[in-house]
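# Structural overview
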Amino acid sequence: MDIAALITWVVTALGGFYMLGTWIQRGGIRQQQSGASRLPAPVVFGHFALAAVGLVVWIVYVVADKSVLAWTSFGLLLPVALLGFVMLARWIPVRREGATAGEPAAATAPGADGTVPAERHFPLAVVLAHGVFAVVTLVLVLLTALGIGGS
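Overview of the structure. (Residues numbered from 1 in each chain as written. Predicted model: local features only at pLDDT ≥ 70, side-chain atom pairs only at ≥ 80, totals over all residues. Heavy atoms only, no water.)

Between its first and last C-alpha atoms helix α1 (residues 2–25) spans 34 Å; for 24 residues at 1.5 Å apiece the expected length is 34 Å, and the two agree. For α1, the complete set of buried residues consists of D2, A5, L6, T8, W9, T12, G15, G16, M19, L20, T22 and W23. In the stretch just after α1, G27 is the one whose phi turns positive, near 95°. (Helix = DSSP H or I, 4+ residues; strand = E, 2+ residues; numbered from the N terminus. Expected span 1.5 Å × (residues − 1). Buried < 20%, exposed > 50% of the residue type's maximum accessible area, 1.4 Å probe, protein only.)

Structural data, given as structure tokens:
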């Protein structure tokens, strides 16, 4: 089960890295000053950093098979999930605003100040897949830490 968790974690990370790259490329950091982006940079980078550290700890766990590392990874995943839900809750209105502008032009429809929020460019499929894989990863890590399903 530890390898399954590793695989789902890597898939989740790839989707997250794609969204982070899109957010940065589309001006998410610059939009912090104007308020065009609804995703605060500390939340975005905190989510990324904690998830990356957790993944490294999980890789060490897979190699060393020390239960304290599994629990540490799970402990790191809890704030990662919380920050992920915060970003999802802040992204949904941005997605809806774009949808009311009409698809596929929603990705380019400007916000109230004329600036397109960077997160409006996230493909819905990537957001959904990232969330689903994240939940599966969290469950697999917990089950592994509990010793359910073998390691």
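For the largest pocket, the calculated volume is near 910 Å³. M19, H47, G84, M87 and H130 are, among the 33 residues lining the largest pocket, the residues nearest its centre. Going through the elements one at a time, α1, α3 (41–64), α4 (67–100) and α5 (124–146) are the ones with two or more residues in the lining of the largest pocket. At 9 residues, the largest contribution of residues to the lining of the largest pocket is made by α1. Residues that form the lining of the largest pocket fall into these classes: 26 nonpolar, 7 polar and no charged. (1 Å grid on protein atoms, 1.4 Å probe; cavity = no way out; pocket = protein on both sides within 12 Å on 5 of 7 lines; lining within 4 Å. Points joined across faces, edges and corners; volume = space filled by probe spheres on them. Nonpolar A, V, L, I, M, F, W, Y, C, P; charged D, E, K, R; others polar.)

Not every positive phi belongs to a glycine, and D65 is a case in point at roughly 55°. Checked against the element boundaries, D65 lands in the loop between α3 and α4. According to the relative accessible area criterion, D65 is partly exposed, its value standing at 45%.

We now examine the pattern of salt bridges. Scanning the model with the defined rule gives 1 salt bridge in all. Of the charged contacts, one joins E97 and R120 as a salt bridge, the two residues approaching to 3.4 Å between their closest N and O atoms. Of this pair, E97 sits in helix α4 while R120 sits in the loop between α4 and α5, and the two are 23 residues apart along the sequence. You can call E97 partly exposed: its relative accessible area is 38%. On the accessibility criterion, R120 (7% relative accessible area) is buried. (Salt bridge = Lys/Arg side-chain N within 4 Å of Asp/Glu carboxyl O.)

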